[in-house]
Amino acid sequence: MFLIDFLNLYDEVINTYKAINNKKILVITKSDLIPKNIKKDTLIKKIKTIYKIDEDIIITSSKTKENINVLKEIIIKNKNVLICGFTNSGKSSLINTLANSTLTISKNANTTLDFLKIKMDEAIIYDSPGFISKNFYDSLLPKMKIRPISYQLKNKYYLKINDWSWHFSLDNNITLYLDNTFNVEKRKLITEFPNKIKVPSNSDVIIKGLGFMLVKKECVLTTNIDLKYLEIRPTIVGGENE
Ligand SMILES: Nc1nc2c(ncn2[C@@H]2O[C@H](COP(=O)(O)OP(=O)(O)O)[C@@H](O)[C@H]2O)c(=O)[nH]1
Ligand SMILES: [Mg+2]
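Residues numbered from 1 in each chain as written. Chains lettered and ligands numbered in written order. Predicted model: local features only at pLDDT ≥ 70, side-chain atom pairs only at ≥ 80, totals over all residues. Heavy atoms only, no water.

What follows covers the sheet that holds strand 2 (residues 26-29). The pairing of strands in a sheet comes from backbone hydrogen bonds and takes either a parallel or an antiparallel form. With respect to topology, four strands assemble into an open sheet ordered 3-2-1-5, the strand pairing being parallel. Looking at strand neighbours, the two that pair on one side only are strand 3 (57-59) and strand 5 (84-85), the edges of this open sheet. Along the sheet, helix 2 (residues 40-51) contacts strand 2 and strand 3; its crossing angle with strand 3, the most-contacted strand, is approximately 145 degrees. (Pairing = 2+ DSSP bridges. Helix = DSSP H or I, 4+ residues; strand = E, 2+ residues; numbered from the N terminus. Contact = heavy atoms within 4.5 Å. Axes fitted to C-alpha atoms, helices over the stretch in contact; angles between N-to-C directions.)

Written as structure tokens, this is what we have:
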């Protein structure tokens, strides 16, 4: 089982999943953070299409226990199951929920330093150290339910999110999928920002590790955030079919 947290869905993570040749399924964790307006079966379909995934995808949460029984059945049927994924994807939390175990949960990278064997009924689950990505913000993990907030943003203005500035080359409609601990302001544009990236219509601009923003119209985004933290994909939450 390869775990990906909903807000950490980007190419490096998906490519790591794809590189695994064993029998596998993709498990999207922390579903309690997914906003209510996102229909989960639509989300699964979009993830399958955009990232070209053929295997089953199961959405789960250690907090709400969504689909925990489905995962238990899969584990019992397969007898030996390795739980893997990037650090902080919720591996240890999920195993604790599945097996009533007491693995250490942490916000810090790699608290699980070795492969650990945990018994669950007649099956064995293995916890593993997480893969580590260099290009993501792991110090500001979202904890709260994401409340999407939309902005009608005139070209004369930019969005300031904490220390990051985002300017879109034309009047646009932007929806933030970030947790509400971020400080967001609309400001009048005075100077441009150093980094530029092209954004097609109905795209998610992913800020790796933190969330994403849905951009309605094709435009050029200028920003002061290092582009290595950004990735663009067709939106998984809205757009044309909405
Ligand atoms: N909201 C939410 N947070 C979770 C969930 N599972 C894990 N977390 C949090 O994600 C962080 C990493 O969890 P952990 O299980 O240690 O991840 P690991 O590094 O993959 O073993 C911790 O801060 C957990 O509290 C979940 O289902 N929902
Ligand atoms: Mg762990």
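Moving on, there is more to tell.
With respect to spatial proximity, 16 residues lie near ligand 1, and among them Asp-32, Ser-62, Asn-88, Lys-91 and Ser-93 are the closest. The contact in question runs from a nitrogen atom of ligand 1 to an N or O atom on the side chain of Lys-63, over 3.3 Å. Between ligand 1 and Lys-91 there is a distance of 2.7 Å, counted from an oxygen atom to a side-chain nitrogen or oxygen. Its free accessible area being 580 Å², ligand 1 has 89% of it covered by the protein chains. Its residues assigned to classes, the shell around ligand 1 comprises two nonpolar, nine polar and five charged. (Near = heavy atom within 4 Å. Polar contact = N/O pair within 3.5 Å; in protein donor to acceptor, adjacent residues only side chain to side chain. Areas by Shrake-Rupley, 256 points an atom, 1.4 Å probe, with all protein chains shown as cover. Nonpolar A, V, L, I, M, F, W, Y, C, P; charged D, E, K, R; others polar.)

Considered as a void within the structure, the second largest pocket measures approximately 330 Å³ in volume. What lines the second largest pocket is a set of 13 residues, among which Met-1, Lys-23, Lys-24, Val-81 and Leu-82 lie closest to the centre. Put simply, the parts of the chain that give the lining of the second largest pocket at least two residues each are helix 3 (68-78) and strand 4 (80-82). Grouping the amino acids of the lining of the second largest pocket by side-chain chemistry returns eight nonpolar, three polar and two charged. (1 Å grid on protein atoms, 1.4 Å probe; cavity = no way out; pocket = protein on both sides within 12 Å on 5 of 7 lines; lining within 4 Å. Points joined across faces, edges and corners; volume = space filled by probe spheres on them.)

Bringing the nonpolar core into the picture now. Counting 31 residues, the largest nonpolar core has Phe-6, Ile-28 and Ile-47 as the members making the most contacts within it. Of all the elements in the fold, those that place two or more residues in this core are strand 1 (2-5), helix 1 (11-18), strand 2, helix 2, strand 3 and strand 15 (211-215). The element that contributes the greatest number of residues to this core is helix 2, accounting for four residues. Looking at which domains feed residues into this core, each of domain 1 (2-127) and domain 2 (149-234) supplies at least three. The residues contacting Ile-47, other than those within four sequence positions of it, are Leu-9, Ile-28, Lys-52, Ile-53, Ile-57 and Ile-236. Of all hydrophobic cores here, the second largest spans 23 residues; its members include Tyr-151, Leu-153, Ile-161 and Cys-219. (Core = buried A, V, L, I, M, F, W, Y, C linked by side-chain atoms within 4.5 Å. Buried < 20%, exposed > 50% of the residue type's maximum accessible area, 1.4 Å probe, protein only. Domains from an automatic or database assignment.)

This part is about the pattern of salt bridges. Counting across every chain of the model gives five salt bridges. For Glu-66, the salt bridge goes to Lys-40, with nearest N and O atoms at 3.1 Å. Here Glu-66 is found in the loop between strand 3 and helix 3, whereas its partner Lys-40 is found in helix 2, with 26 residues between them in sequence. The exposure class of Lys-40 is partly exposed, given its relative accessible area of 30%. (Salt bridge = Lys/Arg side-chain N within 4 Å of Asp/Glu carboxyl O.)

It is worth spelling out the sheet that holds strand 9 (residues 157-161) at this point. Spatially, five strands are ordered 12-9-10-16-13 in an open sheet, and the strand pairing comes out antiparallel. Sheet topology places strand 12 (184-188) and strand 13 (195-199) at the edges, where each strand pairs with a single neighbour. The mean angle between the axes of side-by-side strands here comes to 25 degrees, regardless of whether they run parallel or antiparallel. Judged from the three bridges that link them, strand 9 and strand 10 (residues 164-168) form a sheet pairing that is antiparallel. By the bridge assignment for strand 10, Lys-160 is matched with Ser-165.

Moving on: the packing of helix 3 against helix 4 (residues 91-99). Direction vectors running N to C along helix 3 and helix 4 enclose 85 degrees, while the axes themselves pass 10 Å from each other. Considering their axes alone, helix 3 and helix 4 lie roughly perpendicular with respect to each other. Packed against helix 3, whose contacting residues are Ile-68, Leu-71, Lys-72 and Ile-75, the element helix 4 presents Leu-94, Thr-97 and Leu-98 at the interface. (Parallel < 35°, antiparallel > 145°, perpendicular 65-115°, else oblique.)

Let us now look at the packing of aromatic side chains. Taken as a whole, this structure holds six aromatic pairs when the rule is applied. Taking the centre distance of 6.1 Å and the plane angle of 75 degrees together, the rings of Phe-6 and Phe-212 count as edge-to-face. Note that Phe-6 is positioned in the loop between strand 1 and helix 1 and Phe-212 in strand 15, a separation of 206 residues in sequence. Grouped by ring-pair contacts, the aromatic residues Phe-2, Tyr-17, Phe-86 and Phe-131 constitute a single cluster. Its guanidinium or amino end placed over the ring of Tyr-17, Lys-24 lies 4.4 Å from that ring's centre, counting from NZ or CZ. Sitting over the ring of Phe-212, Arg-233 keeps its end group 5.0 Å from the ring centre. (Phe/Tyr/Trp six-rings, centres within 6.5 Å; stacked < 30°, edge-to-face > 60°. Lys NZ or Arg CZ within 6 Å of the ring centre and 35° of its normal.)

For the structure on display, the rule yields one cavity of 30 Å³ or more. Its volume calculated, the largest cavity comes out at about 70 Å³. Lining the largest cavity, in full, are Leu-3, Ile-4, Asp-5, Asn-8, Tyr-10, Val-13, Phe-86, Thr-87, Ser-89 and Phe-136. The dominant element in the lining of the largest cavity, judged by the number of residues it contributes, is strand 1, at three residues.

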